[in-house]
Each structure stands twice: as C-alpha cells, then as structure tokens.
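# A look at the structure
As a plain string of letters, each chain reads:
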Amino acid sequence: MEKIFFFLEPLGGTIVLFFITILMLVMHIVRKNKAILFLTKERNHLNAIINDLDQQAKLIIKSDMEVKLYQQEIESELNKLTLVESLILSSIHILDKDKLLLQINEKVINSLDFRKGLILDFKTLEEKINVGFAASEIEVIKNMLQYKKDILKESLIVNQDSEIYKQLAAGGLKNTLIAPLKTQEGIYAIFIVSELIASAEIKKSQREAFLIICMYLGQCLENIRLFESLYVVKDDLERKIKERTNELVKSLREIEVISKAKSDFISSVSHELRTPLTSVKGFSSLLAEERFGKLPQEARQRLIKIDENVNKLMDIVNTLLDISRIESGKMELKISTFDIAKLIKEVIDFLSPQIEGKNLQLSLSLPEKLNVFMDKNLIERVLINIINNAIKFTPEKGKITVKCEKGLNEATTSIADTGYGMSKEDSGKIFQEFFRAANPESNKIKGTGLGLSLVKRIIETHKEKIWVESEINKGTIFYFTLKCAN
Amino acid sequence: MEKDDFAIAFSKRKSEEAAKEVSLKIKSSFSKSIGFLFVFFTPHYNPSNILATLNLTLKPEKILGMQSPFLVFEDTLIQEGIVVCCMSGQDVSFEESFMEENPSKEIESFLRLAFRKIRKKNFSLLSFLGPGINPVPYLSGLRLFLGEIFTLAGGGFTKKYSSNTWQIVNNDIIEGAVNIIVKGLDTTSLSLGGYLPLGKPFVITKAAPARNLVIEINNEPAINIYRKYLEEKFEQFQDNKLFSLYPLGIKNGEKFDVIRVLDSLADGSLACVGNLKEKDTGHIMFLDTGLLQNQIESQLSPLVAKNQGLVIIVGSLLQKEIIKDNSYTVVKLIKKSLGKNFSVIGMYCDYSMRSSRETNSIGIDSGNTLLTFWQ
C-alpha cells in the first residue's frame with residue numbers, strides 16, 4: 001500500500017485517496033446490487049413457494065371438504081337407515097294408532113335432519129304430534145290445509161313445486177315437507193317436517209327418508225285398521241257363538257227335562273200297564289186253552305189272537321221298562337266273567353228253529369273259549385235281538401255269520417247277514433227308539449223299533465262300543481265289544 | 001401424588017344405581033378419609049340423586065361435579081355414565097368457589113371475593129364454566145386479580161347439551177362458574193391437537209373480543225379467508241355450515257390456539273369460541289388424525305417414564321366432531337402412552353383453558369385436548 005501511495009505522491013495523496021474510495025464504493029455498490037438481485041430472486045422464489053403452498057392448501061381443503069361431505073352423506077344415510085330400523089322395531093307390535101304416532105318424537109324428527117315435526121288428523125286437522133312448531137306456525141299450516149288438503153290424495157308426497165310450499169314459505173316456514181299417512185281406507189293423517197338442522201336446502205336423501213317413514217307409518221296404520229276390523233269380526237263371532245251356545249245349552253236342558261219326563265212317563269205307564277196286562281195275559285191264556293170250558297171255534301180263534309197280541313204288548317212294555325231303567329240309571333249291572341263263545345252257542349241253539357224255518361245258512365267262527373266281563377242276561381238279550389233281526393231281515397236261503405275275535409284287551413263279536421241291508425242314512429238312525437229301516441219286507445216284518453235301541457243302551461251301560469256296517473242288497477254287520485277277562 | 005392418595009371409579013348403570021355402584025367401588029378401593037371428590041356425569045343422570053348418594057355413602061369433605069356429554073375413564077370414551085375420583089386431604093388442600101349464571105359485570109366482584117385470600121401465593125387453579133359464562137371477560141378478570149403466576153387448567157361450554165348443564169359444588173347444584181384452588185400439588189398441563197396450519201398466515205385486522213367476533217382478516221370481511229381457499233366450493237361450505245372442520249389457529253408463542261368458528265354473520269364476520277384480538281396472526285387449521293396420534297405418542301412417552309399420578313383430560317368436542325369415531329382410538333392411545341402409572345379421568349368441553357409459562361398468558365382453545373397432570 002505504501003508503494004502505491006509513494007507512486008501516486010506527485011498527484012497529491014488526497015486525490016488518490018478520493019479515487020480509491022470512489023472505486024471501492026462502486027465495487028461495494030456493485031456487490032450490494034448483486035446481493036439485492038439475489039435476494040429479490042430468492043424472495044420471489046419464496047413467494048412462489050408460498051403461493052404454491054397456498055394453492056396446495058386450497059386443494060387440500062377443497063378435496064378434504066369433498067371427502068368429509070361424502071362421509072357425512074354416508075353417515076346421514078346410515079343414520080336414517082338406523083332410524084327406520086329402530087322405528088320399525090319399536091312400532092311393529094303397536095296396535096293403537098295414537099300410540100304409533102307417539103313414536104314420532106324429537107329424536108326421530110332430528111334424525112330426519114329437521115328441527116320441527118307435526119302430525120295432524122286429516123279430517124279434523126286436530127293436532128296429534130307436535131315437535132317444535134309454534135302455535136302461530138300451526139295456524140298457518142292449518143289455514144293452508146283447510147283449502148288445499150285434497151292435493152294430498154294425489155301422491156305420496158307433496159311435490160316440491162307445489163303452491164302449498166310457496167304459501168308456507170310466505171308464512172315463514174321454509175324447507176318443509178308434507179306427506180299423507182295413507183291407509184286403504186284413505187288418508188288418516190298429515191305429516192309435516194320443517195326447518196333443516198344442517199343443510200340449506202332439502203336433499204334427495206332427506207326427502208326419500210321422510211317418504212319411507214310416511215309409507216311405513218301408513219302401512220302400520222293399515223295393519224292396525226285391519227286388526228281392528230278383524231277384532232270386531234272376531235268379537236261379533238265370539239258373541240254369536242256365545243249366544244248360540246247358550247241357546248243350545250238351554251235347548252239341551254229342555255230336552256233333558258223332556259227326556260226325563262218321557263222316561264218317567266214311559267216307566268210309570270209301563271208299570272201301570274204291566275199289572276193289568278199280566279192279568280189279561282193269564283186269563284186270555286187260560287181261556288184260549290179252554291180251561292173254563294169249551295168255546296165256539298170262532299171265539300177260540302179270536303182268543304188265540306188276543307193272547308198273541310197280549311204277548312207282543314208285554315214284550316213292548318218290558319222293553320220300554322228296560323230302556324227307561326237304563327236311562328234313569330236304575331238298572332243294576334251284574335257283571336261276571338263268562339265265556340262269550342258258549343253264550344253265542346246257547347243263543348244260536350235257542351233261535352235255531354227260526355234259522356232252520358227260513359232255510360238260512362249259519363256260519364260260526366268262535367274261539368274255543370273266551371271269557372269276558374258282562375252281565376250275562378243282558379248280553380244274551382243283545383245277542384237274541386241282533387241275531388233275531390238278522391233272521392228276520394235275511395231272505396230265505398240267505399247266510400248268517402257269527403264271529404267272535406279276541407283283540408289285545410277286548411273281544412269283538414260280529415253278526416253278519418246277507419239281508420236287504422240299509423242306506424247310510426238309515427244306518428245312522430238304526431239305534432234310535434221306534435226307528436225302523438226301510439226295506440222291501442219292512443211292512444211285512446213286524447217289530448216295534450225298540451230292540452236295537454235297548455241293545456245300544458245295554459252295550460253302552462257296559463262302557464263298550466257297538467256299531468253297524470250295512471250296504472243295500474248286500475247285507476248288514478253288527479259289531480260290539482266286551483272286555484276280555486284274562 | 002402417590003397412587004394410594006386417590007382412587008377413581010366408573011359406572012354406566014342407569015339412574016341412581018350408577019352413583020351407588022361408584023360409591024361401592026370407591027369404598028372398597030380407598031380406605032382413607034375423602035378430602036375431595038370429583039364427579040363427572042353425562043346428562044342422563046340427575047345431579048341431586050348423585051349428590052345425595054355420594055354424600056350418604058362416601059361422606060367427602062368437599063365435592064365437585066360437572067356434567068358433560070362425553071366422559072373419559074382410563075382408556076374408554078363414555079357416552080353414558082358417572083366417573084368419580086376421590087383424594088385424601090393429606091398434604092393437599094382444595095378451596096372451591098362458584099358463581100351462578102350471571103351477567104359478566106358481576107364476574108369482577110366474584111373473582112375479587114374468591115381470590116382475596118390467595119392472591120400472590122403459589123397455587124394451581126382448575127376452572128369450569130357453564131354456557132352462561134363468557135370465558136373472555138372471565139379470563140381477563142383472572143389475569144387482573146391473580147397476575148400470571150399461577151397454573152390454570154379447565155374447560156367450558158358454549159351451549160347446552162341437554163336442558164341444563166349442571167355443576168355440583170358441595171351441597172349446591174348450579175349452572176355457572178366453578179373454581180378449585182389446589183395447593184400442595186405439582187400440576188402441569190399439555191395440549192394435543194394434531195392440527196396443521198395451512199396456506200399463508202393471515203392477520204386479524206378488526207375484532208370484537210368481548211363478543212367473540214372476528215370482523216376483518218387481512219382488511220377484508222373475515223369470511224373471505226374461507227372464500228379464498230374454498231373458491232367454487234365456498235357456497236357449499238357455507239350452506240352446510242362446515243366451519244368446524246377448518247378452525248382458525250391463532251399464533252401463541254411457538255404454538256397455535258385453535259379457535260372454533262361457530263357461524264358467519266351477514267356482514268362477513270365470524271362468530272368464534274376463543275380469545276381473539278386485533279393484530280393476532282394465524283392460519284386456517286387442518287386436523288390430521290395421524291399427526292395427532294404421533295403427537296400423543298411422542299409427547300406423552302417422555303413424561304411418564306419416572307412419574308405417576310392422576311391425569312385429568314379436558315377433551316375437545318370440536319376435535320371429536322372432526323375425527324368422529326377415531327376419538328375412541330385417541331383416548332385408548334392416550335391411556336396406552338401414559339401407562340399404568342397414571343390414572344386417567346376426564347370430560348369433553350366446547351373449549352379448554354390453559355395458562356402458558358412460555359408466553360405468560362392464558363389461552364382459550366377449542367380444538368386441542370388438554371391433559372392436566374396431578375403429581
């Protein structure tokens with residue numbers, strides 16, 4: 001440096017120093033300018049980065065919002081599905097219309113994304129449910145519906161462009177949905193929701209969820225209506241059944257009284273008849289046998305006829321007496337163990353003259369011995385009655401088959417003939433008193449119609465079963481059972 | 001605080017049965033006399049029944065209860081139930097004060113009365129405010145009377161989550177402000193958010209803090225900050241009222257206080273929950289669940305290695321609203337990170353309040369989860 005100053009000394013040191021300073025300042029300015037340029041470039045670069053970050057921030061926020069809205073939409077849909085599910089679960093068993101509508105509470109309305117909900121009776125516009133609507137707002141709705149509610153009959157939900165919504169909006173009710181709650185009989189109520197909780201306008205999903213709820217409520221109301229009408233029918237039916245049962249019980253009692261009176265009457269009449277009949281019988285027999293002297297031929301023949309008819313009358317009176325005894329429970333069973341096969345053989349022996357008289361073929365299928373519990377005298381009468389009938393109603397050369405088979409605990413006796421047989425209708429009545437089945441010979445064959453009635457009563461007194469199978473022109477089979485005595 | 005100095009219990013039974021069950025659980029696990037009892041309960045329960053049952057069965061010297069829509073017990077987020085924590089009064093003292101719902105002008109006299117005795121002494125303060133109390137003038141009052149030397153934690157509500165938001169203070173059931181002054185315990189607090197600041201920072205150029213309003217941001221109507229980022233989607237954003245998805249983050253030291261935007265007004269102002277003033281800078285915030293989980297693990301693990309005690313969580317209803325079902329995972333992760341040495345109870349609020357030693361200030365935050373460690 002000293003060398004430089006020495007060299008420039010002739011020019012004057014101060015001037016030299018001045019120039020050097022200028023030079024250094026210029027160089028500094030150039031350097032600073034370069035730095036400024038660099039920093040400006042850096043700043044611009046940073047600004048570009050920040051702007052870029054800002055742009056990225058925009059992208060992040062926008063795409064994030066889109067995702068979150070989408071998630072919100074899905075959640076909202078899920079919530080509505082949950083709402084429908086819980087509403088169904090809580091209301092499916094409700095069978096009262098008012099109770100059903102009470103399920104529409106604040107929670108349900110809010111789950112539909114609305115703040116306010118109202119259900120009005122369609123006919124009277126009476127308030128059934130109100131969530132959040134002010135009295136003045138309800139007045140606006142009622143005034144509007146008074147003249148325009150018929151529009152609800154046309155569709156499931158009032159169209160969004162409808163005049164109704166414009167009128168409600170003018171009355172301060174924005175974002176409103178109205179739908180009828182319909183049954184097969186017509187509109188039961190009107191459901192209104194208003195004032196969205198979060199969004200600015202009603203979305204399709206919100207409208208659909210509301211519609212589903214309305215349709216579901218309509219279906220529930222229809223079910224309740226059907227149940228109520230079914231209940232009325234059932235109630236009416238029950239009342240009628242009760243009335244008829246009472247009538248039947250009354251009739252049965254009357255029949256029982258009449259039947260008892262009849263039995264009492266038959267019993268007393270039979271008793272009263274038997275004594276004089278016995279006397280008549282005794283005298284008619286003695287007279288017919290000419291014990292009191294010879295009688296003219298004509299008189300004797302007539303007396304024999306009288307004797308025969310007195311016998312028949314005695315039979316009828318005895319049978320009637322037995323029936324009335326059984327009915328009144330006065331007949332005492334003398335149950336003992338006896339061989340049924342032996343009894344059948346005895347009865348066949350007793351009736352063999354009639355069998356032979358009609359040239360009937362007899363077939364017996366009996367066990368060697370089969371002891372049963374029975375009142376021997378009464379079962380003997382049963383066998384006589386049935387086999388006698390078989391003989392009477394089987395034409396000559398016909399066949400009578402008597403069988404007795406041992407079952408698990410019981411012996412079943414059957415008497416089959418190849419007689420005229422009976423219609424199904426007659427078979428059903430054959431055990432009734434004084435009933436006689438129709439067949440070509442019934443007018444010729446004499447009978448009272450009391451025999452089988454007595455037979456049935458005797459078997460039933462033994463607590464056993466008796467039944468008949470018959471076919472016209474093929475024959476008839478009577479069956480009865482008795483308990484085996486092992 | 002040693003493990004045997006306190007006990008916690010939870011019941012999700014219906015009505016009075018819940019209070020009976022927690023009482024029995026406490027009785028069987030805690031043999032000391034109860035100096036102080038916390039009870040957090042969801043709106044499903046009647047506070048009178050809870051109070052009567054707890055007084056009858058546990059006979060605590062002091063009792064404090066708060067109603068909240070969601071509670072925390074250990075690793076579970078609870079939608080219906082009662083959580084109880086009781087402490088022995090040895091070496092620790094609790095002083096409670098409360099103010100029923102009142103206009104803000106009475107806050108000053110209430111605070112003067114409440115903190116007259118303890119002014120300038122070292123203590124921790126736990127505060128819970130009902131929906132009728134504006135937290136901004138309340139915290140201003142606290143600063144005025146107590147200075148910046150105390151530790152504050154707490155929370156509050158901006159709206160009712162059932163017909164009432166009840167608080168229990170000894171034998172009183174109120175809706176207002178409740179303070180518990182705790183002496184003899186070391187309390188620290190920590191905020192966990194998982195928020196990312198997005199875009200260029202903005203400056204609040206006009207605000208009305210007393211009314212919780214941000215009027216202008218960057219000399220434009222405040223709503224324009226959203227219009228700028230959402231562009232063609234802004235209308236959809238505003239129609240669906242999605243402000244809660246992207247809260248404002250106001251710079252507080254190295255951190256951000258998350259401010260919930262409730263709605264926009266006709267003039268473009270934003271109605272917020274939080275402490276705002278002009279010249280504050282901030283960002284639009286974006287909650288990243290993954291980041292939140294990383295924060296929980298990274299910030300809690302070093303704290304728990306050698307310590308033990310009780311953690312009271314003031315959860316954020318805003319955070320829960322944004323991350324939805326992930327809230328359950330977050331609660332589980334907090335408990336997992338804290339391990340067995342710490343018992344966890346808590347409640348969810350619209351905002352939390354916390355004093356910061358770094359910035360020497362008290363912040364209102366509506367997006368972060370506040371964890372208060374009682375050791």
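By convention here, each chain's residues receive numbers from 1 onward along its written sequence. The order in which chains are written sets their letters, starting at A; the order in which ligands are written sets their numbers, starting at 1. In keeping with the predicted nature of the model, local features appear solely for residues at pLDDT of at least 70, side-chain atom pairs appear and are counted solely at 80 or more, and the whole-chain, interface and lining totals rest on all residues.

### Details of the overall build of chain A
Helical segments are the DSSP runs of H or I of at least four residues, strand segments are the runs of E of at least two, and each set is numbered from the N terminus. When its secondary structure is counted, chain A shows 12 helices and 11 strands. Taken over 486 residues, chain A has a buried fraction of 23%. Contacts spanning at least 24 positions in sequence make up 66% of the contacts within chain A whose residues lie at least 6 apart. Here a residue counts as buried when 20 or more other C-beta atoms fall within 10 Å of its C-beta, as exposed when 12 or fewer do, and as partly exposed in between; the C-beta atoms come from the backbone. A residue pair is marked as a contact if its C-beta atoms, positioned from the backbone, fall within 7 Å.

### Observations regarding the overall build of chain B
For chain B, the count of helices and strands is 9 helices and 25 strands. Taken across its 375 residues, chain B has 50% of its residues classed as buried. Partitioning the intrachain contacts of chain B with sequence separation of at least 6 by distance along the chain shows that 81% fall at a separation of at least 24.

### Digging into the sheet that holds strand E24 (residues 361-365) of chain B
Residue and element names in this part refer to chain B. Taken together, 6 strands build an open sheet; the order of strands is E7-E12-E8-E9-E23-E24 and the sheet is mixed. Sheet topology places strand E7 (93-100) and E24 at the edges, where each strand pairs with a single neighbour. Ignoring strand direction, the axes of neighbouring strands in this sheet form an average angle of 15°. By the bridge criterion, 4 bridges tie strand E9 (residues 151-156) to strand E23 (residues 351-356) in an arrangement that is antiparallel. What sits directly across from Gly155, in E23, is Ser352. Should DSSP find at least two bridges between two strands, the strands are taken to pair. Lines fitted to C-alpha atoms define the axes here, with helix axes fitted over just the stretch in contact, and angles between the N-to-C directions of these axes take values from 0 to 180 degrees.

### Considering the interface of chain A and chain B
Accessible area lost upon the coming together of the parts serves often as the stated size of an interface. Listed per partner, the contact involves 15 residues of chain A and 16 residues of chain B. Residue composition of the side of chain A that touches chain B, by class: 9 nonpolar, 1 polar and 5 charged. Any residue that is not Ala, Val, Leu, Ile, Met, Phe, Trp, Tyr, Cys, Pro, Asp, Glu, Lys or Arg is counted as polar, Gly included; the first ten are nonpolar and the last four charged.

### Overview of helix H5 (residues 135-148) of chain A
Residue and element names in this part refer to chain A. Look at H5: 20 Å from first C-alpha to last across 14 residues, which is about the 20 Å you get at 1.5 Å a residue. Looking at H5, one finds that the buried residues are Glu137, Ile141, Met144 and Leu145. Taken end-on, H5 shows its buried residues confined to a sector of 100°, consistent with a single buried face. Turned more than 90 degrees off the buried face of H5, the exposed positions are Ala135, Ser136, Glu139, Gln146 and Tyr147. Looking at the packing, one finds that the buried side of H5 touches strand E1 (114-121), helix H6 (163-170) and strand E4 (186-196). One less than the residue count of a helix, multiplied by 1.5 Å, gives the span that helix is expected to have. To be clear, the arc concerns the directions from the helix axis to the C-beta atoms.

### Some remarks on the sheet that holds strand E21 (residues 309-316) of chain B
Residue and element names in this part refer to chain B. The strand order across the open sheet formed by 6 strands is E5-E4-E22-E21-E25-E13, and the pairing between neighbours is mixed. One side of each edge strand has no neighbouring strand; the edge strands of this open sheet are strand E5 (76-78) and strand E13 (187-192). Ignoring which end each strand starts from, the neighbouring axes of this sheet average 20° apart. Two elements, E13 and strand E25 (residues 369-374), share 6 bridges in a ladder whose sense is antiparallel. Among the inter-strand pairings, Thr187 is bridged to a residue of E25, identified as Trp374.

### Observations regarding the packing of helix H7 (residues 204-288) of chain A against helix H8 (residues 297-328) of chain A
Residues and elements named next belong to chain A. One way to put it is that H7 packs onto H8 with a least axis distance of 8 Å and a crossing angle of 155°. In terms of orientation, H7 lies roughly antiparallel with respect to H8. Pair H7 / H8 crosses with left-handed handedness. Per-class residue counts for the contact of H7 with H8 are 15 nonpolar, 7 polar and 5 charged. Here the angle decides the label: under 35 degrees means roughly parallel, over 145 means roughly antiparallel, 65 to 115 means roughly perpendicular, and every other value means oblique. Helix crossings fall into two classes, left-handed where the near helix is turned counterclockwise from the far one by less than a right angle and right-handed where it is turned clockwise.

### Focus on the pairing of strand E10 (residues 466-471) of chain A
Residues and elements named next belong to chain A. By the alternation rule, side chains of E10 split into Ile466, Val468 and Ser470, which are all buried, and Trp467, Glu469 and Glu471, of which none is buried. In the sheet, E10 pairs with strand E11 (residues 475-483) via 6 bridges, with the strands oriented antiparallel. Counterpart to Ser470 in the pairing with E11 is Thr476. In sequence, E10 turns back onto E11 through a hairpin of 3 residues, with Asn473 there showing a positive phi of about 65°.

### Regarding the pairing of strand E2 (residues 127-131) of chain A
Residue and element names in this part refer to chain A. Pairing of E1 with E2, which is carried by 4 bridges, proceeds in the antiparallel orientation. The partner of Leu120 across the bridge, within E2, is Glu127. Joining the antiparallel neighbours E1 and E2 is a turn of 5 residues, in which Leu125 adopts a positive phi near 60°.

### Some points on unusual backbone geometry
Residues and elements named next belong to chain A. Phi at Asp113 takes a positive value of approximately 80°, unusual for a residue other than glycine. Although it is not a glycine, Asn359 sits at a positive phi angle of roughly 55°. Along the chain, the position of Asn359 falls in the loop between helix H9 (340-357) and strand E6 (361-365). According to the C-beta neighbour criterion, Asn359 is exposed, with 10 such atoms within 10 Å.

### Description of the nonpolar core
One finds Leu37(B), Val39(B), Val72(B), Ile82(B), Val84(B) and Cys86(B) to be the most contacted residues of the largest nonpolar core, which totals 129 residues. Not counting residues within four places of it along the chain, the set of residues in contact with Val72(B) comprises Leu77(B), Ile78(B), Ile313(B), Gly315(B), Val331(B), Val344(B), Ile345(B), Gly346(B) and Met347(B). Counting residues in each nonpolar core, the second largest holds 39 residues, with Ile323(A), Leu343(A), Ile387(A) and Val402(A) among its members. By convention in this section, buried Ala, Val, Leu, Ile, Met, Phe, Trp, Tyr and Cys residues joined through C-beta atoms within 7 Å make up a nonpolar core.

### Quick notes on H9(A)
Residues and elements named next belong to chain A. Between its first and last C-alpha atoms H9 spans 25 Å; for 18 residues at 1.5 Å apiece the expected length is 26 Å, and the two agree. The sharpest bend along H9 measures roughly 55° and falls at Leu351, with the proline Pro353 sitting one to four residues further on. The set of residues buried in H9 consists of Ile340, Ala341, Leu343, Ile344 and Val347. Buried residues in H9 make contact with strand E5 (336-339), strand E7 (371-374), helix H10 (376-393), strand E8 (399-406), strand E9 (410-417) and E11. Just downstream of H9 lies Asn359, where phi reads positive at about 55°. Bend at a given residue is defined as the angle between two axes, one fitted to the seven residues that end at that position and one fitted to the seven that begin there.

### A look at the packing of H9(A) against H10(A)
All names here are of chain A. One can describe the packing of H9 onto H10 by two numbers: an axis separation of 10 Å at closest approach and a directional angle of 35°. In the crossing of H9 with H10, the sense of the turn from one axis to the other is right-handed. On H10, the residues that touch Leu343, Ile344, Val347, Leu351, Gln354 and Ile355 of H9 are Lys376, Ile379, Glu380, Leu383, Ile384, Ile387, Asn388 and Ile391. In the contact of H9 with H10, the residues fall into 10 nonpolar, 2 polar and 2 charged.

### Thoughts on the environment of Lys116(A)
Residues and elements named next belong to chain A. Tracing the backbone shows Lys116 in strand E1. In the structure, Lys116 is positioned 77 residues away from Val193 in sequence and 5.5 Å away in space, judged by C-alpha atoms. Ignoring any residue separated from it by four or fewer positions in sequence, one finds Lys116 in contact with Ile109, Val131, Gly132, Phe133, Val193, Ser194 and Glu195.

### Structural notes on the environment of Leu145(A)
Residues and elements named next belong to chain A. Inspection of the secondary structure assignment puts Leu145 in helix H5. Note: C-alpha distance between Leu145 and Leu125 (20 residues apart in sequence) is 8.2 Å. Discounting residues that sit within four places of it in the chain, Leu145 has contacts with Leu125 and Ile190.

### Considerations on the confidence of the model for chain B
Residues and elements named next belong to chain B. pLDDT runs from 0 to 100 and stands for how confident the predictor is about each residue. Considering every residue of chain B, the mean pLDDT works out to 87; 95% of them sit at 70 or more. Mean pLDDT across the elements of chain B ranges from a minimum in helix H3 (residues 107-114), with 72, to a maximum in strand E4 (residues 71-73), with 96. Predicted as a complex, the structure gets a pTM of 0.62 and an ipTM equal to 0.83.

### Things to note about the environment of Leu71(B)
Residue and element names in this part refer to chain B. Relative to the elements of secondary structure, Leu71 occurs in strand E4. Residue Leu71 is classed as buried on the basis of its 26 C-beta neighbours within 10 Å. On a C-alpha basis, the gap between Leu71 and Ile82 in space is 8.1 Å, while along the polypeptide they are 11 residues apart. With residues near it in sequence (within four places) discarded, Leu71 still touches Phe40, Thr42, Ile78, Gly81, Val83, Gly346 and Met347.

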